[in-house]
Amino acid sequence: MNAYNELANPDKKETFTISEYNTDNPEIENIKRPEKTIIRNLAIDTTQAFGIWTQDPNGPHADFWLTAKDFLVADYDGDGHMPYILDGNKITIFYNDFVQKGTITSTENDTLKIKWADFDVDTKYVKFEN
C-alpha cells in the first residue's frame, strides 16, 4: 500500500497516511501517531543527541532538529514537527505519511550516527553550524 509522499519519502518506503490528501481512500489505513514524543529507558546521552543535524556540513540547511519535544524536519513541505519515540537507543519517527525506525549507534564528538532500518550502514550526521 503506497500513499502520496513524493517529498517526504524519496526512497519509496511503504507508507501510511494521516494527511488530508488520502482521507477519502478506504484502502489506506491511517498511522497511529502518539500525541506527543515519548522518551523512555534511555541508553544514549540525549544532551549529545539533541541538536541540529546535517549530513552535508557545507549544504544550505540542516536535515533535522532533534529536541525533547519533537523531530523537526528542515525544508519540509508542511508542518515539519514530527513526534517520535526514543526507547533505549531505538528511535521511531512518525512522519505525516510513513514511519521511520532506526537505532542510534553513536552520539560522540558532535556526530550522530543512526542505522535506519532500511539501510545496511549507519547514516552519519554532524552538528549544523550555519
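About the criteria used
Residues numbered from 1 in each chain as written. Predicted model: local features only at pLDDT ≥ 70, side-chain atom pairs only at ≥ 80, totals over all residues. Heavy atoms only, no water. Phe/Tyr/Trp six-rings, centres within 6.5 Å; stacked < 30°, edge-to-face > 60°. Buried < 20%, exposed > 50% of the residue type's maximum accessible area, 1.4 Å probe, protein only. Helix = DSSP H or I, 4+ residues; strand = E, 2+ residues; numbered from the N terminus.

1. A look at the packing of aromatic side chains
Then step 1. Per the counting criterion, the structure on display carries four aromatic pairs.
Then step 2. Ring geometry for Phe 64 against Phe 71: centres 4.6 Å apart, planes inclined by 20°, an arrangement best described as stacked. Exposure class is identical for Phe 64 and Phe 71. Each is buried.
Then step 3. Seen from their ring centres, Phe 64 and Tyr 125 are 4.9 Å apart, and the 80° between their planes marks the pair as edge-to-face. Pair noted here: Phe 64 is in strand 3 (residues 64–66) and Tyr 125 is in strand 10 (residues 123–127), with a separation of 61 residues, a long-range link. Each of the two residues, Phe 64 as well as Tyr 125, counts as buried.
Then step 4. A network of ring pairs unites the aromatic residues Phe 64, Phe 71, Tyr 95, Phe 98 and Tyr 125 as a single cluster.

2. Comments concerning unusual backbone geometry
The bulk of non-glycine residues show a negative phi, and the bulk of peptide bonds are trans.
Then step 1. A positive phi angle, close to 50°, is found at Asn 41, a residue other than glycine.
Then step 2. Topologically, Asn 41 is positioned in the loop between strand 1 (38–40) and helix 1 (46–49).
Then step 3. Here Asn 41 falls in the exposed class, since its relative accessible area comes to 58%.
Then step 4. Even without glycine at this site, Asp 110 takes up a positive phi of about 55°.
Then step 5. Within the secondary structure, Asp 110 is located in the loop between strand 8 (99–106) and strand 9 (111–116).

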